[in-house]
Amino acid sequence: MKILCAPASPYSSKVRMAARYLELDATEIRVDTNAGPAILVDNNPLGKIPTVLTDDGVSVFDSVAIMHYFGRLKGKQLYPSKNGKRTEAEVLEALCDGICDCLLAIVYERRFRDEEKIHQPWIDRQWKKVVSGLNHLSVHLPKVGKKLHGGHFALAATLGYLDLRFKGQWEAEHSELIGWMRTFEKKFPAYSELKPQG
Ligand SMILES: N[C@@H](CCC(=O)N[C@@H](CS)C(=O)NCC(=O)O)C(=O)O
């Protein structure tokens, strides 16, 4: 199995952590989405990462579909089996991925527009959602118990991405999340290697 990914991508980081946690036999292939290489666009019409190429020649995307695919490969070990806990984990993942969507919208607004066309109210609107999401997470800190699940990996990837691209803009108001990140790293030491990095 191959994971098409990039080191800075938070959704890639989430699925790379999950693959490592589940001890899957997966080869990471770094791709540059801007260049749109054939291996990516021929397998994912959206040209986005992460994209997984299975040994049976199937391509799987987006990151949520990949997480559930991984979970099924390993006998449902990536999400809690009880309904309530499972919903909690899935909603946590949705919230964290949603925060990443906002962060990416900000990064892309600055990266792809000419400076005079950058629309600050759009950036402010996205950032407001990020802060609201982080506030919610700070008061509903997910427990890191014996088993890790998809929601934990999503949160770890999101915080890692904030650390990479938005340093100094969120930590002071969300020290609980810094504490959470430390606890997570103790539980999953490969975090330092697999978190988003530039
Ligand atoms: N909802 C998708 C989002 C994937 C995504 O936006 N990935 C970014 C990199 S972090 C990407 O591929 N961007 C390139 C593009 O949008 O063209 C997922 O969860 O996998």
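Bear in mind that the values here come from a model prediction, so they are computed numbers and not experimental data. (Residues numbered from 1 in each chain as written. Predicted model: local features only at pLDDT ≥ 70, side-chain atom pairs only at ≥ 80, totals over all residues. Heavy atoms only, no water.)

### Observations concerning the pairing of strand β2 (residues 27-30)
Here strand β1 (residues 2-5) pairs with β2 via four bridges, running parallel. Across the sheet, the residue bridging to Ile-3 is Glu-28, located in β2. At this point the chain moves from β1, through helix α1 (residues 10-21), to the parallel β2, and the crossover so formed is right-handed. (Pairing = 2+ DSSP bridges. Helix = DSSP H or I, 4+ residues; strand = E, 2+ residues; numbered from the N terminus. Right-handed = clockwise from strand over helix to strand, strands pointing away.)

### Let's talk about the domain arrangement of the protein chain
Often, the extent of an interface is quoted as the loss of accessible area upon association of its parts. Domains assigned within the protein chain are domain 1 (2-73) and domain 2 (83-192). A separation of 20 Å is found between the C-alpha centroids of domain 1 and domain 2. If you look at the interface, domain 1 gives 14 residues, while domain 2 gives 22 residues. Regarding the contact of domain 1 and domain 2, the summed buried area is about 1,400 Å², with carbon and sulfur atoms giving 67% of it. The partner of Lys-14 in a salt bridge is Asp-97, and the shortest N-O contact between them spans 2.8 Å. Counting the contacts that link domain 1 with domain 2 gives five residue pairs in polar contact (both at pLDDT 80 or more). Listed by contribution, the elements that provide at least two residues to the side of domain 1 that touches domain 2 are α1 and α3 (63-73). The leading source of residues in the side of domain 1 that touches domain 2 is α1, at eight residues. (Domains from an automatic or database assignment. Contact = heavy atoms within 4.5 Å. Buried area = accessible area lost by both parts, 1.4 Å probe. Salt bridge = Lys/Arg side-chain N within 4 Å of Asp/Glu carboxyl O. Polar contact = N/O pair within 3.5 Å; in protein donor to acceptor, adjacent residues only side chain to side chain.)

### Points about the UniProt feature "domain: GST N-terminal" (unreviewed entry) in the protein chain
Taking the UniProt record as the reference, the feature "domain: GST N-terminal" (unreviewed entry) is found at residues 1-78. End-to-end, the C-alpha atoms of residues 1-78 are 18 Å apart, and along that stretch the chain is 35% helix and 17% strand. (UniProt positions renumbered as here; feature names shortened; annotations may be inferred.)

### Let's talk about the site of the ligand
What surrounds the ligand is the set Ser-9, Pro-10, Tyr-11, Thr-33, Lys-48, Ile-49, Pro-50, Asp-62, Ser-63 and Tyr-108. Interatomic distance of 3.3 Å between a side-chain N/O atom of Asp-62 and a nitrogen atom of the ligand. Contact between the ligand and Tyr-108: a nitrogen atom at 2.8 Å from a side-chain N or O atom of the residue. (Near = heavy atom within 4 Å.)

### Quick notes on helix α5 (residues 120-139)
Along its 20 residues, α5 runs 29 Å from first to last C-alpha, staying within 8% of the 28 Å computed at 1.5 Å per residue. Its buried side turned inward, α5 meets α4 (83-112), α6 (150-165) and α7 (175-187). (Expected span 1.5 Å × (residues − 1).)

### A closer look at the nonpolar core
It is characteristic of soluble globular proteins that their nonpolar side chains tend to be buried jointly. Within the largest apolar cluster, 52 residues are counted, with the highest numbers of intra-cluster contacts made by Met-17, Phe-70, Phe-153, Leu-159, Trp-170, Phe-184 and Phe-188. Here this core gets 10 residues from one element, more than from any other, and that element is α4. For this core, the two domains that each supply at least three residues are domain 1 (2-73) and domain 2 (83-192). Contacts of Leu-159, omitting those with residues within four sequence positions, involve Trp-170, Leu-177, Trp-180, Met-181 and Tyr-191. In terms of nonpolar packing, the next biggest core, distinct from the first, is built from six residues, Leu-4, Ala-6, Leu-40 and Ile-49 among them. (Core = buried A, V, L, I, M, F, W, Y, C linked by side-chain atoms within 4.5 Å. Buried < 20%, exposed > 50% of the residue type's maximum accessible area, 1.4 Å probe, protein only.)

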